[in-house]
Amino acid sequence: MVDKIQVGNVEIVAVIDMVPPAREPTVFIPSVPREAWEPYEDEVLENGMLQLYYGCFFVRSEGKTILIDTGMGPGPHAHLEGRSGDLLGQLALKEVNPEDVDIVLHSHLHPDHVGWNVDSSGDSPKPYFPNARYMGPKKDWEHFMQPEILPNAPHITQNVVPLIELGLMEFIEGEHQVTGELTTLDTPGHTPGHQVTLISSQGEKAAIIGDLIHNPVQIHEPDWCAGVDTNKDDSRISRKAFLERAERDDLIVAAGHFHPERHIGKVVRLEGRRYWQVL
Ligand SMILES: [Zn+2]
């Protein structure tokens, strides 16, 4: 297991914001019956439960520090048994101060990916990363701002809207060049604008995949979709295309929702079957 990996001149470092309560697999992936998990039970479940982790990654590229996703936020979060996030504390342990972050790049605009955007505890909202430019998918913004959706998305009102008012938020789409070594790739389905970050440096390649894959079971079963995926057909298409690319290009893959001892790996094929090979 690694927390840190070098990809050419780029460094990727993992940090965990919080560990939410475990869920029943059939609650998280409602279309799949419990028996179908049996072949993967020991590999992907923990005591029969699906345990997500709210992990983020920061990347050092061309002298910049880029934080990819900001976790669930400080909390305590009543709907998650009162648990609290610790992203700033975990970054400090890796000697990253909030002032050091140049860019915050969101894979998508769900609550567990924008939590440490805005500090609303004072008189006026302030960014947690005071020197950062924030970037997020344009299609997610358009989706969540629909009048029938916004009332059920308080995380947008709290953690995205104030950044727009402060002039700190930029919405992007397509292949957006974040640095000379980092490019976004549209992978719609989980949300309409979901994007993976591709890294390419000195002939080495990696990807930070957001919620394209929540659990390693989806490497074996790419048709299995989280109940929260907005468009499940698109989610399947994006996941399958990415898995093919990961295998073909020998990508280093960083998956923030995987177990922290298994969240950086490669997609490899053995005897006709795909596996998650932990690095
Ligand atoms: Zn997520």
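In this text the structure is predicted, and so the values were computed from the model without any measurement.

Draft legend 1. A look at the overall build of the protein chain. Each helix and strand counted, the protein chain has eight helices and 16 strands in total. On C-alpha atoms alone, the protein chain measures out to a radius of gyration of 18 Å, which is about the 19 Å that the 2.2 N^0.38 rule sets for 279 residues. For the protein chain, the spread of C-alpha atoms along the three principal axes comes to 55 × 45 × 35 Å. With 279 residues in all, the protein chain has 53% of them scored as buried. Sequence-distant contacts in the protein chain: of pairs separated by 6 or more residues, those separated by 24 or more amount to 66%. Of the accessible surface of the protein chain, which amounts to about 12000 Å², a share of 48% is contributed by carbon and sulfur atoms. Positive and negative side-chain charges of the protein chain, numbering 23 and 43 respectively, have mean locations separated by a distance of 4 Å.

Draft legend 2. Seen up close, the pairing of strand E11 (residues 182-186). Within E11, four of the five residues are buried, which leaves it mostly tucked inside the rest of the structure. The pairing of strand E10 (residues 177-179) with E11 spans two bridges and is antiparallel. Its bridge partner lying in E11, Thr179 is registered against Leu182. Linking two consecutive strands that pair antiparallel, namely E10 and E11, is a turn of two residues.

Draft legend 3. The arrangement of the coordination of the zinc ion in detail. Of the protein atoms, only Asp112 (OD), His113 (NE2), Asp211 (OD) and His257 (NE2) coordinate the zinc ion, at distances of 2.1 to 2.2 Å. Classification of the site at the zinc ion as irregular follows from its four donor atoms and the range of 90 to 164° in their angles at the metal. Positions of the donor residues of the zinc ion along the chain correspond to the pattern D-H-x97-D-x45-H. Of this pair, Asp112 sits in the loop between strand E5 (103-105) and strand E6 (118-119) while Asp211 sits in the loop between strand E13 (204-208) and helix H7 (217-220), placing them 99 residues apart in sequence. Taken as a pair, Asp112 and Asp211 share a single burial class, namely buried.

Draft legend 4. The arrangement of the nonpolar core in detail. Counting residues in each nonpolar core, the largest one holds 26 residues, and the members touching the most others are Leu67, Leu87, Phe129 and Ile156. Of all the secondary structure elements, the ones that give two or more residues to this core are strand E2 (10-18), strand E3 (54-61), helix H3 (87-93), helix H4 (138-144) and helix H6 (161-165). Apart from residues lying up to four places away in sequence, Leu87 is in contact with Val15, Asp17, Cys56, Leu67, Thr70, Trp116 and Phe129. Ile12, Leu105, Ile199 and Ile252 belong to the second largest nonpolar core, which has 21 residues in total.

Draft legend 5. Looking closely at the environment of Val228. Locating Val228 in the fold gives a position in the loop between H7 and helix H8 (232-248). Discounting chain neighbours no more than four positions away, the residues touching Val228 are His110 and His190.

Draft legend 6. Just the packing of aromatic side chains, in detail. If you walk through the whole model with that rule in mind, you get five aromatic pairs. Aromatic side chains Trp116 and Tyr128 sit 5.0 Å apart centroid to centroid with 65° between the ring planes, which places their arrangement in the edge-to-face category. Of this pair, Trp116 sits in the loop between E5 and E6 while Tyr128 sits in the loop between strand E7 (126-127) and strand E8 (133-137), and the two are twelve residues apart along the sequence. One exposure class covers both Trp116 and Tyr128, and it is buried. The interplanar angle of 75° and the centroid separation of 5.1 Å between the aromatic rings of Phe258 and Trp276 together place this pair among those described as edge-to-face. With Phe258 in the loop between strand E14 (252-254) and strand E15 (264-270) and Trp276 in strand E16 (residues 273-278), this residue pair connects regions lying 18 residues apart in the sequence.

Draft legend 7. The sheet that holds E5, seen in detail. Strands sit in the order E1-E2-E3-E4-E5-E8-E9 across an open sheet of seven strands; the sheet is mixed. Whereas interior strands pair on both sides, the edge strands pair on one side only; in this sheet they are strand E1 (4-7) and strand E9 (169-172). In this sheet, adjacent strand axes meet at a mean angle of 25° when their direction is disregarded.

Draft legend 8. Fine view of the sheet that holds strand E12 (residues 195-201). Read from one edge of the open sheet, seven strands run E10-E11-E12-E13-E14-E15-E16, paired in mixed fashion. Pairing within the sheet leaves two strands with one partner each, and these edge strands are E10 and E16. Direction aside, neighbouring strands of the sheet carry axes that sit 30° apart on average. Relative to E13, E12 runs antiparallel, the two sharing five bridges. By the bridge assignment, Ser200 is partnered in E13 with Lys205. The strands touched by H8 are E11, E12, E13, E14, E15 and E16; relative to E15, the strand with the most contacts, the crossing angle is about 85°.

Draft legend 9. The arrangement of the side chain of Arg274 in detail. The topology assignment puts Arg274 in strand E16. Dropping the residues within four chain positions of it, Arg274 is found in contact with Ile219, His220, Leu243, Glu244, Glu247, Val267, Val268 and Arg269.

Analysis parameters
- Residues numbered from 1 in each chain as written.
- Predicted model: local features only at pLDDT ≥ 70, side-chain atom pairs only at ≥ 80, totals over all residues.
- Heavy atoms only, no water.
- Helix = DSSP H or I, 4+ residues; strand = E, 2+ residues; numbered from the N terminus.
- Rg over C-alpha atoms; globule rule 2.2 N^0.38 Å.
- Buried < 20%, exposed > 50% of the residue type's maximum accessible area, 1.4 Å probe, protein only.
- Contact = heavy atoms within 4.5 Å.
- Areas by Shrake-Rupley, 256 points an atom, 1.4 Å probe, with all protein chains shown as cover.
- Lys, Arg positive; Asp, Glu negative; His and termini not counted.
- Charge placed at Lys NZ, Arg CZ, Asp CG, Glu CD.
- Pairing = 2+ DSSP bridges.
- Donors = N, O, S within 2.8 Å, 3.2 Å for Na, K, Ca; no water.
- Tetrahedral: all angles 85-135°; square planar, octahedral: opposite > 155°, others 65-115°.
- Core = buried A, V, L, I, M, F, W, Y, C linked by side-chain atoms within 4.5 Å.
- Phe/Tyr/Trp six-rings, centres within 6.5 Å; stacked < 30°, edge-to-face > 60°.
- Axes fitted to C-alpha atoms, helices over the stretch in contact; angles between N-to-C directions.

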